[in-house]
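# Observations on the three-dimensional arrangement
One letter stands for each residue in the lines below.
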4 protein chains.
Amino acid sequence: MSRSLAVAVAGAGSCFSSLVQFAAMARQQPAQLAGVMHERIGGYALSDLKFVAAFDVDREKVGLDLSKSILQSHVAAVAHVAVEPMDVAVEPGPLLDGLDGPLGQVITAHPDSTDMDPDVIRRRLVETGAEVLICLLPTGSTEGVQTYARAAALAGVAFVNATPEPVAHDADLVALFESRGVPLLGDDLRSHLGATALHTALLDLLHSRGLQVVNTYQLNVGGNTDFLNLADPVRSASKQRSKRRALSAAGIDARTVAAGPNGFVPHLGDTKVGFLRIEANSVLGSPLSLEIRMEVEDSPNAAGVLANAVRVAATARTAAVAGIVDDVCAFLFKSPRRPATEAVGLRDFQDYVKFVA
Amino acid sequence: MSRSLAVAVAGAGSCFSSLVQFAAMARQQPAQLAGVMHERIGGYALSDLKFVAAFDVDREKVGLDLSKSILQSHVAAVAHVAVEPMDVAVEPGPLLDGLDGPLGQVITAHPDSTDMDPDVIRRRLVETGAEVLICLLPTGSTEGVQTYARAAALAGVAFVNATPEPVAHDADLVALFESRGVPLLGDDLRSHLGATALHTALLDLLHSRGLQVVNTYQLNVGGNTDFLNLADPVRSASKQRSKRRALSAAGIDARTVAAGPNGFVPHLGDTKVGFLRIEANSVLGSPLSLEIRMEVEDSPNAAGVLANAVRVAATARTAAVAGIVDDVCAFLFKSPRRPATEAVGLRDFQDYVKFVA
Amino acid sequence: MSRSLAVAVAGAGSCFSSLVQFAAMARQQPAQLAGVMHERIGGYALSDLKFVAAFDVDREKVGLDLSKSILQSHVAAVAHVAVEPMDVAVEPGPLLDGLDGPLGQVITAHPDSTDMDPDVIRRRLVETGAEVLICLLPTGSTEGVQTYARAAALAGVAFVNATPEPVAHDADLVALFESRGVPLLGDDLRSHLGATALHTALLDLLHSRGLQVVNTYQLNVGGNTDFLNLADPVRSASKQRSKRRALSAAGIDARTVAAGPNGFVPHLGDTKVGFLRIEANSVLGSPLSLEIRMEVEDSPNAAGVLANAVRVAATARTAAVAGIVDDVCAFLFKSPRRPATEAVGLRDFQDYVKFVA
Amino acid sequence: MSRSLAVAVAGAGSCFSSLVQFAAMARQQPAQLAGVMHERIGGYALSDLKFVAAFDVDREKVGLDLSKSILQSHVAAVAHVAVEPMDVAVEPGPLLDGLDGPLGQVITAHPDSTDMDPDVIRRRLVETGAEVLICLLPTGSTEGVQTYARAAALAGVAFVNATPEPVAHDADLVALFESRGVPLLGDDLRSHLGATALHTALLDLLHSRGLQVVNTYQLNVGGNTDFLNLADPVRSASKQRSKRRALSAAGIDARTVAAGPNGFVPHLGDTKVGFLRIEANSVLGSPLSLEIRMEVEDSPNAAGVLANAVRVAATARTAAVAGIVDDVCAFLFKSPRRPATEAVGLRDFQDYVKFVA
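Notes on the structure follow. (Residues numbered from 1 in each chain as written. Chains lettered and ligands numbered in written order. Predicted model: local features only at pLDDT ≥ 70, side-chain atom pairs only at ≥ 80, totals over all residues. Heavy atoms only, no water.)

## Describing the overall build of chain A
Applied cut-off: A run of H or I in DSSP counts as a helix once it spans at least four residues, and a run of E counts as a strand once it spans at least two, with each numbered from the N terminus. Atoms considered for the radius of gyration are the C-alpha atoms alone. The globule rule reads 2.2 Å times the number of residues to the power 0.38. To sort residues, take the accessible area from a 1.4 Å probe on protein chains only and compare it with the maximum for the residue type: under 20% means buried, over 50% means exposed, and anything in between is partly exposed.
Along chain A, the regular secondary structure elements total 12 helices and 13 strands. Computed over C-alpha atoms, the radius of gyration of chain A comes to 20 Å, within 12% of the 21 Å expected from 2.2 N^0.38 for 357 residues, which places it in the range of a compact globule. Projecting the C-alpha coordinates of chain A onto the three principal axes gives extents of approximately 65 × 45 × 45 Å. Split into buried and exposed, the 357 residues of chain A put 64% on the buried side.

Now the structure itself:
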């Protein structure tokens with residue numbers, strides 16, 4: 001009774017690698033699967049995901065079978081499970097601003113990706129029968145992300161913007177998705193359980209007790225190419241805006257909070273370390289402080305949310321939703337059009353899943 | 001339109017001190033009051049609390065006006081606000097097992113408290129017109145706590161058991177409250193925002209994402225007489241059982257979790273430091289760890305919850321509730337008869353407050 | 001040119017297990033050996049250690065070959081290296097107060113260990129040709145430790161008191177070792193790099209800059225039988241005295257410092273977690289604070305120091321040193337007769353090693 | 001018997017403010033002075049410091065009496081002590097690259113500081129009778145720092161380079177100081193007790209026990225103008241090089257260690273927070289990890305070292321030392337010409353002080 005879900009991906013890096021492994025593990029060891037919120041969303045199991053296309057600019061990845069590309073050297077994602085050959089090769093995508101900043105020093109662009117006609121992407125999405133396109137380009141690649149978004153809208157393929165670059169926050173693109181009757185989810189994928197999810201949950205907890213938050217910081221360091229890229233302040237500008245938006249939705253004055261990224265620590269690899277501090281005034285003006293160190297593997301964390309987002313997107317496409325799927329975005333993304341507290345966002349998401357079941 | 005709420009207290013220590021100061025601050029600086037969840041519960045403002053009786057065994061406190069006793073030397077509670085004379089003196093209460101363990105080395109019992117007739121308490125509750133009796137005796141004083149509970153039930157005074165000693169978990173006492181038509185709240189007051197509230201909220205968050213918690217600890221140290229008393233493993237046995245119950249309600253195997261108290265650190269005074277760690281398996285079996293240091297002033301933290309509990313208790317007495325007020329206990333206490341997750345407990349409590357508004 | 005060093009041990013638990021493995025590793029993989037301060041001390045390499053006797057009261061261990069006993073169930077020590085059969089079996093030792101407290105609930109005494117004649121130990125030490133006896137009995141076993149010390153002195157075997165029970169702090173025993181011309185090292189073995197070594201090194205650093213330490217704590221939790229035993233305040237009393245002595249030697253007012261042990265956390269196994277905090281006043285009265293979390297495997301940490309202590313003891317025996325070997329004890333033990341700062345203790349130890357080389 | 005020591009300063013920011021206050025406190029409350037390593041160095045007490053000139057480019061500071069300028073708004077340094085009027089006004093210094101980067105957005109240059117003749121500085125040093133010039137310019141101001149260094153050398157005034165810009169690492173400048181017979185101290189002032197001092201002391205401790213350090217990081221955040229300036233990767237390049245040099249001297253492979261600065265957190269003000277982690281292999285290959293959070297007031301921390309450096313510099317000038325004073329620089333600076341371990345650096349410094357006493 002299960003049907004397959006055709007997925008295309010832009011940016012075949014470590015998050016993509018984790019998602020491919022997650023789907024493979026769902027097929028191989030369904031009983032032991034941790035971190036799955038819903039076995040089925042709109043009838044789709046995680047094991048139904050079928051990867052039909054993957055676009056990248058990295059000369060070392062283009063042409064490789066997906067099962068091989070996910071273990072390719074620049075990918076910090078750990079191999080958690082063996083993946084069978086998939087008979088789908090990584091295709092070149094348009095370079096544009098994808099390797100601006102520090103990434104350009106460690107990754108060489110494939111020759112076909114420079115000066116590429118963006119319409120190729122639209123055509124390939126149609127040819128491969130993709131239902132959903134997940135955008136996992138590096139932070140700061142505004143042109144690249146918006147190019148893929150436009151191609152998806154024109155091809156009638158639901159779009160999941162995992163990056164902080166503006167798509168759900170770009171009025172023209174939102175109008176395009178609406179006019180073409182295509183669903184859009186974004187911007188800036190939350191981690192399944194990352195520093196921002198934890199931060200906002202804690203702020204909610206304090207506010208529920210009437211405490212006044214005085215000062216707070218959230219500092220993040222890591223060793224994968226995401227953090228290498230974010231070490232450039234120009235590239236990370238959109239990320240910082242997005243994090244501030246997420247904390248603002250939890251009732252914090254977003255201008256005063258300090259939120260990373262805060263450094264590239266090579267030996268950490270795909271491990272991300274977050275330091276959070278919250279100082280608050282409680283009863284009788286007495287002080288409360290929380291200092292937290294969170295350690296998490298970065299890419300699997302993203303795969304957990306993508307497993308939800310991609311299935312919601314497919315469901316919305318079947319239901320011919322036009323434009324942003326607001327009900328699920330507050331829970332799945334850091335910069336949704338309509339932010340909500342952790343509790344409200346979770347409830348709305350769960351209601352949506354129940355509704356489409 | 002506001003009416004006063006007559007409160008009696010057994011155990012005039014640092015939590016009592018904070019509650020008295022909290023009510024005084026509500027009268028003096030209502031605008032700046034942090035940590036108040038509800039301005040009114042059943043019509044009562046925090047400023048309506050009127051302390052009509054206080055029982056203690058400490059020779060240094062008996063006979064002092066309450067406004068003076070709250071600054072008395074063994075009391076670690078910080079003076080946050082000036083309190084006017086209250087024309088109510090601390091009265092002797094029955095000693096029983098109140099100073100067993102380490103407390104007996106720093107506190108001398110008042111002569112009248114030994115071999116005292118417990119019925120005196122019942123009589124004094126009636127004479128002073130007390131509506132609610134809050135029990136703040138040291139952990140481990142099972143006899144003492146149950147004696148005050150019996151006196152309250154017989155006097156028709158609502159009982160708030162802030163200690164981990166069994167009252168809501170003692171079938172005979174519960175039956176007594178039911179038969180006398182008197183409300184009972186307990187056992188073991190949560191902190192307004194303490195280590196256990198934080199711990200269970202975090203476990204809820206992880207479970208909501210499908211993560212599997214593997215190992216966890218909660219270690220607490222402090223420098224007030226509560227921690228001095230708890231340094232004795234015999235005295236702290238009921239406390240540990242209660243903490244495990246609270247974590248069990250959050251879906252943790254309570255036999256395997258380590259939960260303090262873990263030491264008396266004199267220089268901390270009324271400051272409590274908690275160390276929490278949670279290790280979990282996430283997507284693809286990837287590890288997640290949280291290490292948290294929480295610093296909080298202990299007694300005001302209790303006063304925040306007491307401010308809720310005492311007003312709920314008075315409301316329940318007016319409504320002639322007989323026995324345990326289950327709807328509010330999961331949120332207010334660590335060992336309620338009917339435990340619930342953080343989210344459910346909070347919702348039930350808020351519903352109750354809305355209902356009696 | 002190397003000669004063997006005959007070692008006997010009282011208390012064949014996890015520290016003993018680590019020491020046996022450490023010597024085995026020194027023979028098997030000398031190149032990769034971490035944590036060895038000196039390849040040779042007085043001519044002895046670590047690989048020269050030969051275990052000639054081991055005494056224990058545990059029914060599950062007595063009779064087993066040492067190579068098997070070191071993996072026996074109550075022993076939390078991890079197997080780091082394969083150990084060949086050693087043709088030496090664990091022998092029963094006198095029970096006395098060895099299993100008082102919580103240990104008595106998880107360990108059953110061997111029948112031969114009750115009412116045993118202590119002189120058997122002296123005889124066995126002579127018969128086996130032991131040169132050094134290392135005492136690793138559980139904390140709190142004052143009678144047991146002093147019984148072994150007496151046997152060693154009478155047998156002319158150098159004694160290393162790794163426990164906090166008083167031997168170097170017992171005038172009669174010290175006199176006995178002096179009169180018999182036998183060397184004595186103790187009391188209370190430091191970890192190779194444990195919480196107390198770290199704590200005192202940090203205090204030294206602050207003092208070297210003229211900072212005034214205001215408050216400090218050191219909290220330790222673990223999951224091996226040492227921590228199970230120490231959870232009993234009666235058993236841990238000698239341990240706490242010893243830790244305070246060590247901090248006092250670093251210039252801290254030992255009455256005010258809080259130093260654990262602070263709890264048995266079963267899931268930690270042989271891992272020990274220490275929380276240290278130091279608050280100090282610096283230039284212009286400005287505050288400085290350090291909060292440290294240290295995680296370390298407990299037993300190998302002890303083996304590192306034992307590897308030094310046992311070779312020093314053998315050297316001192318050869319040189320006919322009578323009584324306490326003060327020059328090395330400040331570095332190797334927490335409660336030496338003559339304490340010193342970290343820097344001075346280290347220098348004296350290194351000088352001694354150079355002298356006997 | 002005490003004589004005064006004439007001090008000039010380039011960069012009248014928060015470190016300067018702390019040094020002025022430190023000297024004032026030494027005069028007012030000599031008994032309570034914390035953080036002073038030596039009451040006298042070469043006969044000079046801290047209270048002997050007399051500030052004869054201060055150069056800055058900030059329009060808000062130029063023209064103010066020093067006693068007022070040290071409380072000026074951009075200065076995050078806390079007022080710890082009242083300072084009397086000093087009859088010395090802040091003078092304009094040459095702008096050059098002083099406000100490149102983020103500082104240019106919050107500080108406006110005084111008109112006289114642009115296109116200023118650098119020889120003015122040399123003349124003013126001579127006119128004011130300065131004996132030592134302390135350079136406290138923002139990190140990244142290579143031109144500015146080297147201009148002041150040249151002026152000092154030509155004026156015969158000892159130079160203390162507290163910045164990471166190359167002076168002791170610039171062969172031409174070193175040659176100039178040598179040929180003019182003028183002492184030079186640098187580069188990059190250590191904190192009195194900062195993250196790098198702590199980091200290197202801990203690495204020394206681990207190495208002294210034979211442990212192998214595997215991974216380590218040092219992350220620093222703060223809220224003063226130093227951290228605002230360092231948020232620009234171009235400006236902070238010299239700082240990072242200098243930190244790596246310091247860790248390298250402690251035996252760490254400097255290419256692999258991650259060392260901040262890691263972010264501007266406005267609410268921290270002059271407080272600096274450092275996160276250190278050290279992972280090592282110990283006995284039997286067992287793992288040891290240290291995770292440290294250090295909180296310290298940044299500017300007083302610098303003043304503590306300056307109090308040593310300025311008196312050493314004056315002493316060296318009297319003794320006609322030509323060029324770098326190597327014996328003290330390993331202890332006082334992060335990037336000395338001749339690095340040493342913490343222990344060796346401290347010993348050499350103490351020997352020097354004893355020698356000139």
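Let's pick the thread back up.
## As for the interface of chain B and chain A
Which entries qualify depends on this criterion: Whether two residues are in contact is decided by their heavy atoms: any pair within 4.5 Å suffices. Note on terms: buried area is the combined drop in 1.4 Å-probe accessible area of two parts once they are placed together, counting the loss on both. By definition here, a salt bridge exists when the distance from a side-chain nitrogen of Lys or Arg to a carboxyl oxygen of Asp or Glu is within 4 Å. N or O atoms closer than or at 3.5 Å make up a polar contact, with two conditions inside protein: a donor-capable atom paired with an acceptor-capable one, and, for residues adjacent in sequence, both atoms drawn from side chains. Basically, the charged four are Asp, Glu, Lys and Arg, the nonpolar ten are Ala, Val, Leu, Ile, Met, Phe, Trp, Tyr, Cys and Pro, and anything else, Gly included, counts as polar. DSSP calls a pair of strands paired once it identifies at least 2 bridges connecting them.
Contacts between chain B and chain A engage 44 residues on the former and 44 residues on the latter. Taken as a group, R209, V283 and L284 of chain B account for 23% of the area that chain B buries against chain A, more than any other trio of residues on that side. Across the chain B-chain A interface, the total number found is 0 salt bridges. The interface formed by chain B and chain A includes 10 residue pairs in polar contact (both at pLDDT 80 or more). Elements supplying a minimum of two residues to the side of chain B that touches chain A: helix 1 (14–28), helix 7 (195–208), strand 12 (287–297), helix 10 (298–318) and helix 12 (342–356) of chain B. For the side of chain B that touches chain A, the leading source of residues is strand 12 of chain B, giving 11 residues. Classifying every residue of the side of chain B that touches chain A by side-chain character gives 25 nonpolar, 13 polar and 6 charged. One ladder, built from 9 bridges, connects strand 12 (residues 287–297) of chain A with strand 12 of chain B; its direction is antiparallel. Opposite V296 of chain A, over in strand 12 of chain B, you have L288 of chain B as the bridge partner.

## A look at the sheet that holds strand 1 (residues 5–10) of chain D
All names here are of chain D. Put simply, the test is: Structural elements are reduced to axes, namely lines fitted to C-alpha atoms, with helices fitted over the stretch in contact, and the angle between N-to-C directions of any two is expressed from 0 to 180 degrees.
As summarised here, the arrangement of the 7 strands in space is 5-4-1-6-7-8-13, forming an open sheet in which the pairing is parallel. Single-partner strands in this sheet number two, and they are strand 5 (91–92) and strand 13 (323–324). When strand 8 (residues 183–185) meets strand 13, the two strands line up parallel, connected through 2 bridges. Note that in strand 13 the partner of L184 across the bridge is I324. Each of strand 1, strand 4 (49–56), strand 5 and strand 6 (132–135) touches helix 4 (residues 119–128); the most contacted strand, strand 4, lies at about 160° to it.

## Some details on the relation of the copies chain B and chain A
Our working rule: A least-squares superposition brings the copies together, and it is based on the C-alpha atoms of residues with pLDDT no lower than 70 in both.
When chain B is fitted to chain A, the residual RMSD is 0.0 Å, and the transformation amounts to a turn of 180° plus an axial shift of 0.0 Å. Those values place the two copies in the arrangement expected of a two-fold rotation axis. Minimal C-alpha separation from the rotation axis in chain B is found for I292 of chain B, amounting to 2.2 Å. In this assembly the copies share their binding face: 100% of the residues contributing to the interface of chain B also contribute to that of chain A.

## Considerations on the interface of chain A and chain D
Many descriptions give the size of an interface as the accessible area lost when the pieces come together. Contact residues are listed per partner, giving 17 residues for chain A and 17 residues for chain D. Taking both sides of the interface into account, the surface hidden between chain A and chain D amounts to around 1,500 Å²; carbon and sulfur atoms contribute 65%. Together, Y217, H267 and F275 of chain A form the three largest contributors to the area buried by chain A at its contact with chain D, with a combined 33%. Taken together, chain A and chain D are joined by 2 salt bridges. Taken together, chain A and chain D are joined by 5 residue pairs in polar contact (both at pLDDT 80 or more). Contributions of two or more residues to the side of chain A that touches chain D are made by strand 9 (212–222), strand 11 (271–281) and strand 12 of chain A. Grouping the amino acids of the side of chain A that touches chain D by side-chain chemistry returns 9 nonpolar, 5 polar and 3 charged.

## Examining the pairing of strand 4 (residues 49–56) of chain C
Residues and elements named next belong to chain C. Most of strand 4 sits inside the fold, with 7 of its 8 residues counted as buried. In this structure, strand 1 (residues 5–10) lies alongside strand 4, joined through 6 bridges in parallel fashion. Its bridge partner being in strand 4, V9 is matched across the sheet by A54. Sheet analysis places strand 4 next to strand 5 (residues 91–92), joined by 2 bridges and oriented parallel. Residue pairing across strands places D56 opposite P92, the latter belonging to strand 5.

## Structural notes on the relation of the copies chain A and chain D
One copy of the chain maps onto the other through a rotation about an axis followed by a shift along the same axis. The operation relating chain A to chain D is a screw motion whose rotation component is 179°, with 0.0 Å of axial translation and a residual RMSD of 0.0 Å. Taken together, the interface assignments show that 100% of the residues at the interface of chain A recur at the interface of chain D, consistent with an identical surface on both copies.

## What to know about the state of the cysteines
Put simply, the test is: Here, two cysteine sulfur atoms that lie within 2.5 Å of each other are counted as a disulfide.
The full count for this structure, using the stated rule, is 0 disulfides over all chains. Sulfur of C329 of chain B: no disulfide; nearest cysteine sulfur belongs to C135 of chain B and is 15 Å away. The buried category is assigned to C329 of chain B, whose relative accessible area is 1%. Of all cysteine sulfurs in the structure, the one in C135 of chain C sits closest to C15 of chain C, which takes part in no disulfide; the separation is 12 Å. The exposure class of C15 of chain C is partly exposed, given its relative accessible area of 24%.

## Quick notes on the packing of helix 1 (residues 14–28) of chain A against helix 10 (residues 298–318) of chain A
All names here are of chain A. Note the cut-off: By definition in this entry, angles of less than 35 degrees are roughly parallel, angles greater than 145 are roughly antiparallel, angles of 65 to 115 are roughly perpendicular, and the rest are oblique. In this scheme the handedness of a crossing depends on how the near helix is turned from the far one: anticlockwise by less than a right angle means left-handed, clockwise means right-handed.
Following both chains from N to C, one finds helix 1 and helix 10 inclined at 60°, their axes separated by 8 Å at the closest point. When the interaxial angle is binned, helix 1 and helix 10 end up oblique. Between helix 1 and helix 10 lies a crossing of right-handed hand. Within the contact between the two elements, helix 1 uses S14, C15, S18, L19 and F22 and helix 10 uses S299, P300, A302, A303, G304, L306 and A307.

## Concerning helix 6 (residues 171–180) of chain B
Residue and element names in this part refer to chain B. Stated formally: What the arc describes is the spread of directions from the helix axis to the C-beta atoms.
Of all the residues in helix 6, the buried ones are L173, V174, L176 and F177. One side of helix 6 holds all its buried residues, which, seen down the axis, span an arc of 155°. The exposed set on the far side of helix 6, more than 90 degrees from its buried face, consists of A171, D172 and S179. Each element contacted by the buried residues of helix 6 is listed here: helix 5 (142–155), strand 7 (158–161), strand 8 (183–185) and strand 13 (323–324). Looking at the residues trailing helix 6, positive phi occurs at G181, about 65°.

## Describing the sheet that holds strand 7 (residues 158–161) of chain A
All names here are of chain A. If you walk across this open sheet you meet the 7 strands as 5-4-1-6-7-8-13, and the pairing is parallel. Each edge of the open sheet is held by one strand with a lone partner, namely strand 5 (91–92) and strand 13 (323–324). Along the sheet face, helix 1 touches strand 1 (5–10), strand 4 (49–56) and strand 6 (132–135) and points at about 165° away from the line of strand 4. Across the face of the sheet, helix 5 (residues 142–155) comes into contact with strand 1, strand 4, strand 6 and strand 7 while running at roughly 160° to strand 7.

## Side note on unusual backbone geometry
Following G186 of chain C, the chain continues to D187 of chain C via a peptide bond in cis, the omega torsion being 0°. Structurally, the position occupied by D187 of chain C is in the loop between strand 8 (183–185) and helix 7 (195–208). Positive phi outside glycine occurs at D188 of chain C, with the angle close to 75°. The residue D188 of chain C is located in the loop between strand 8 and helix 7 in this model. Using a relative accessible area of 1% as the deciding quantity, one classes D188 of chain C as buried. For A320 of chain D, which is not glycine, the phi dihedral falls at a positive 60°. Tracing the backbone through its elements, the reader meets A320 of chain D in the loop between helix 10 (298–318) and strand 13. Since its relative accessible area comes to 53%, A320 of chain D is described here as exposed.

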